[in-house]
Amino acid sequence: MKEKELKEMFEGKQETDSTAPKQVFRLHRRLFLLVFAVAVLMQSVVFVDMRLGSYYKELNDSFKVLLTVDGAVSNEELEQTGESLNQKADIASVRLFSPEDALAAVERQNPQLTEALLLMGKNKMPAYFELKLNYKAINNIRPFVDNLAAEYPKLEPHYNADHARLLFYTGLCSKLLNLAVIFSLLLFFAFMFLVEAFPSNQRRAHYLGGAVSGILAGAASCLFFAVLVYPTGFLAAAVSQFTTPGRQLLMLAFCGLFGWTLSKWQKF
């Protein structure tokens, strides 16, 4: 009697399980929170990367090595020296400023200093070469400039060593951050590939819902940062400082794909 009852109860349970409706949106709240956390981290990395890149560009644009000309030198000799400097691989660009050009450049930046120079006499402002260096030369700025001074004894170098050091380390940090982001994305895609490649006979109807939840999580991360930026008072201008529409679209696509993969994985 007991065996018969147990058999009927077991068969009834199987029928109930087989006729139970499938949960299309199973675990989507947990999926949303997980993708949202990843998206917020990605938004933070994008913000740091853009500001670091912008800071590096400003430092690079403002860093120059000036070679002032000692004594009277003919125009032909100055042109030959400029061509010689321009042929060096570590020098990106060379500009020659005559005393009049140098005085005009100083006047644009500091008119009071120009008046003081004029009181001393126009010939007190020497001609000079303005050099823009590549990244390799900036890393070895001191020996590079010393070699230039030894090769061109009539030119006296002027540069800011602290500026060059800060420029080099800022560029290094930007490159390391980009490499770390690329490596982490490769790991994410490898995880997605392993989940998609895993053989499974089960057919689930909630993949699309997972992708939608992932896209919503990405949009929520964008909204989260908009709320953080809003107190500055200039939302549109401030947003352009830490992200771009293209990066946001790529992030939404990644979040949708990540949500799709997590909905198939079902291990969280």
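Keep in mind the model is a prediction, meaning the values are calculated, not measured.

(A) Region of the structure containing the overall build of the chain. The helix and strand inventory of the chain stands at 11 helices and four strands. Restricting to contacts in the chain with at least 6 residues of sequence separation, those with at least 24 account for 86%. Put simply, the chain shows about 17900 Å² of open surface, and 63% of that area lies on carbon and sulfur atoms.

(B) Up close: helix α2 (residues 28-62). With 35 residues, α2 ought to run about 51 Å at 1.5 Å a step, and its terminal C-alpha atoms sit 50 Å apart, in line with that. Where α2 is concerned, the buried positions are His-28, Leu-31, Val-35, Val-38, Ala-39, Val-40, Met-42, Gln-43, Val-46, Asp-49, Met-50 and Leu-59.

(C) Representation of the nonpolar core. With 23 residues, the main nonpolar core has Phe-63, Val-65, Leu-85, Phe-129, Leu-131 and Leu-133 as its most contacted residues. At four residues, the largest contribution of residues to this core is made by helix α7 (residues 141-151). Look past the residues within four positions of Phe-129 in its chain and what remains in contact with it is Val-65, Leu-66, Leu-67, Val-69, Leu-78, Thr-81, Gly-82, Leu-85, Val-94, Arg-95, Leu-96 and Leu-155. Counting 14 residues, the second-largest nonpolar core is a separate cluster that includes Val-38, Val-46, Met-192 and Leu-262.

(D) How the structure looks around the sheet that holds strand β1 (residues 65-69). Pairing is antiparallel in the open sheet, where four strands are placed in the order β2-β3-β1-β4. Of all the strands in the sheet, just β2 (91-97) and β4 (155-158) have a single pairing partner and so form its edges. Across the sheet, the mean angle separating the axes of adjacent strands is 25 degrees when strand polarity is ignored. Relative to β4, β1 is paired through four bridges, and the arrangement is antiparallel. Across the sheet, residue Thr-68 finds its bridge partner in β4, namely Glu-156. Here α7 sits on the sheet and contacts β1, β2, β3 (128-133) and β4; the angle it forms with β3, its principal contact strand, is near 145 degrees.

(E) How the structure looks around the side chain of Thr-170. As for its position among the elements, Thr-170 is in helix α8 (residues 161-197). Not counting chain neighbours up to four residues away, the residues in contact with Thr-170 comprise Leu-52, Tyr-55, Tyr-56 and Leu-59.

(F) A look at the packing of aromatic side chains. All told, the structure shown has 10 aromatic pairs when counted by the stated rule. The interplanar angle of 65 degrees and the centroid separation of 5.2 Å between the aromatic rings of Phe-168 and Tyr-169 together place this pair among those described as edge-to-face. Residue classification places Tyr-169 among the partly exposed positions, given a relative accessible area of 47%. When the ring of Phe-189 is compared with that of Phe-254, the centres are 6.0 Å apart and the planes differ by 85 degrees; the resulting orientation is edge-to-face. Placement of Phe-189 in helix α8 and of Phe-254 in helix α11 (residues 245-265) is noted, with a sequence separation of 65 residues between them. These aromatic residues form a ring-pair network of at least three members: Phe-188, Phe-189, Phe-191, Phe-254, Phe-258 and Trp-265.

(G) Just the pattern of salt bridges, in detail. For the structure on display, the rule yields six salt bridges. Across the salt bridge formed by Asp-49 and Arg-247, the nearest N and O atoms sit 3.2 Å from each other. Here Arg-247 lies in helix α11 and Asp-49 lies in helix α2, a separation of 198 residues in the sequence. The salt bridge involving Glu-151 is made with Lys-88; its shortest N-O contact spans 3.0 Å. Of this pair, Glu-151 sits in helix α7 while Lys-88 sits in the loop between α3 (75-86) and β2, and the two are 63 residues apart along the sequence. Accessibility expressed as a relative area gives 23% for Lys-88, which makes it partly exposed.

Thresholds, definitions, all that
- Residues numbered from 1 in each chain as written.
- Predicted model: local features only at pLDDT ≥ 70, side-chain atom pairs only at ≥ 80, totals over all residues.
- Heavy atoms only, no water.
- Helix = DSSP H or I, 4+ residues; strand = E, 2+ residues; numbered from the N terminus.
- Contact = heavy atoms within 4.5 Å.
- Areas by Shrake-Rupley, 256 points an atom, 1.4 Å probe, with all protein chains shown as cover.
- Expected span 1.5 Å × (residues − 1).
- Buried < 20%, exposed > 50% of the residue type's maximum accessible area, 1.4 Å probe, protein only.
- Core = buried A, V, L, I, M, F, W, Y, C linked by side-chain atoms within 4.5 Å.
- Pairing = 2+ DSSP bridges.
- Axes fitted to C-alpha atoms, helices over the stretch in contact; angles between N-to-C directions.
- Phe/Tyr/Trp six-rings, centres within 6.5 Å; stacked < 30°, edge-to-face > 60°.
- Salt bridge = Lys/Arg side-chain N within 4 Å of Asp/Glu carboxyl O.

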